[in-house]
Amino acid sequence: MADLKRTVLYDLHLELGGKMVPFAGYEMPVQYPMGVLKEHLHTRASAGLFDVSHMGQILLTAKSGRVEDAALALETLVPVDILGLPEGRQRYALFTNPEGGILDDLMVANRGDHLFVVVNAACKDEDLAHLKAHLSGTCDIGMVTDRALVALQGPKAEAALARLVPDVVDMKFMDVAIRQWDTAELWISRSGYTGEDGFEISVPNKFAEAFARKLLSMEEVAPIGLGARDSLRLEAGMCLYGHDIDTTTTPVEGNLTWAIQKARRTGGAREGGFPGAGRILKELTAGPARRRVGLRPEGRAPMREGTEVFAAAEGGQPIGKITSGGFGPSIEAPMAMAYLPAGLAEGATVYGEVRGKRLPAVIAAMPFQPTSYKR
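My aim in this report is to walk through the structure given alongside it, one point at a time. Remember, predicted model here, so these are calculated numbers, not experimental data. (Residues numbered from 1 in each chain as written. Predicted model: local features only at pLDDT ≥ 70, side-chain atom pairs only at ≥ 80, totals over all residues. Heavy atoms only, no water.)

### A short note on the side chain of Asp-175
Positionally, Asp-175 belongs in the loop between α5 (157–162) and β10 (176–181). Owing to a relative accessible area of 17%, Asp-175 belongs among the buried residues under this scheme. Within polar-contact distance, the side chain of Asp-175 engages the backbone nitrogen of Lys-172 at 2.7 Å. Each residue touching Asp-175, except ones within four places of it in the same chain, is listed here: Gly-88, Arg-89, Asp-170, Ile-188, Ser-189 and Arg-190. (Helix = DSSP H or I, 4+ residues; strand = E, 2+ residues; numbered from the N terminus. Buried < 20%, exposed > 50% of the residue type's maximum accessible area, 1.4 Å probe, protein only. Polar contact = N/O pair within 3.5 Å; in protein donor to acceptor, adjacent residues only side chain to side chain. Contact = heavy atoms within 4.5 Å.)

### So, the nonpolar core
Counting residues in each nonpolar core, the largest one holds 32 residues, and the members touching the most others are Tyr-92, Ile-245 and Leu-256. Ignoring sequence-local partners within four residues, the contact set of Tyr-92 consists of Val-80, Asp-105, Leu-106, Met-107, Met-174, Ile-245, Leu-256, Trp-258 and Ala-259. By size, the runner-up hydrophobic cluster in this structure holds 31 residues, among which are Val-150, Leu-161, Ala-177 and Leu-215. (Core = buried A, V, L, I, M, F, W, Y, C linked by side-chain atoms within 4.5 Å.)

### Describing the environment of Arg-304
Secondary-structure assignment places Arg-304 in the loop between β14 (290–297) and β15 (308–310). For the pair formed by Arg-304 and Tyr-26, sequence separation is 278 residues and the distance between their alpha carbons is 24 Å. Every residue in contact with Arg-304, bar those within four places of it in the chain, is listed here: Ile-322, Gly-325, Gly-326 and Phe-327.

### Let's talk about the pattern of salt bridges
Tallying each qualifying case throughout the model produces 23 salt bridges. The residue Arg-270 makes a salt bridge to Asp-81 at a minimum N-O spacing of 2.7 Å. Separated by 189 residues along the polypeptide, Arg-270 in the loop between α7 (226–235) and α8 (277–286) and Asp-81 in the loop between α3 (67–75) and β5 (90–96) bring together distant segments of the chain. Accessibility expressed as a relative area gives 23% for Arg-270, which makes it partly exposed. Since its relative accessible area comes to 12%, Asp-81 is described here as buried. (Salt bridge = Lys/Arg side-chain N within 4 Å of Asp/Glu carboxyl O.)

The following block contains the structure:
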């Protein structure tokens, strides 16, 4: 793993017994001695701390000094209403390509005089180049390199963080705020990737380890690795970029139409104007040929990524493929996501081919595990 990068919390992961694996160009902890199953259940019941410092943190500031101009500039790259995003709030967004495919999914926050954008680790260099190629005429764009990012997730996350930053109790889901801890400036959002209430906190590198240790010293907080992060997000029905969404999937096929606000749709105040708008707007109206759906395999055997899905127990060609799959510790059953023909209704049975045998799975609503955001 010689050519892999390390986050500022790398030594702490080793001290905590983290099992390190390559992920998105970094050495990251896949699990700790507690193990993936217990880490998952601990996050659902209490509070888990994740190192997500490998993700990209980008500042986008209009040269005019007006955040509205930065919002309008970013809207040329995403099918999302950024102009209507109030100060102190953040929103899920997608970079699209001219074919309507997804280049990356991201979070965008309005911080009053600029936008703060968080992108996926594996895409961050391309995302920065994409922003600079298209927006550098009107905006100053910079990657933040001196900050770590941690996620505190679970029903006891608020109580834990409030010991250090008392007024986080006033934040609602998707609020963002800048607060002080010790002498460090924390960039806090009430969001995450588990379906649980929680926070993502950007902290200066020099304070990151002390901040993480302070949280981990609390009885309810445990360190959580990538293994449980994946099972938690799958139970929450959330997409993993490069698996469930990519350049070959549109936002409509990906069942992410909730992320495209009225203002950017046909007849909206700022209709289209983003890459792939022709295809995406057409699919919003007429529907796509295929769509991302949830599957609940019958029995106990998980259907993993790459499993081919068939309409019948015997014969015929595959009708789709599983993009994420595994066992859900909270639901005590296997779960999966797949792209299947759009005409198939919830409750229909399809068949995944596992080790040469076709096993039944029912098309199911997502999330598999109810979410618990603080609205």
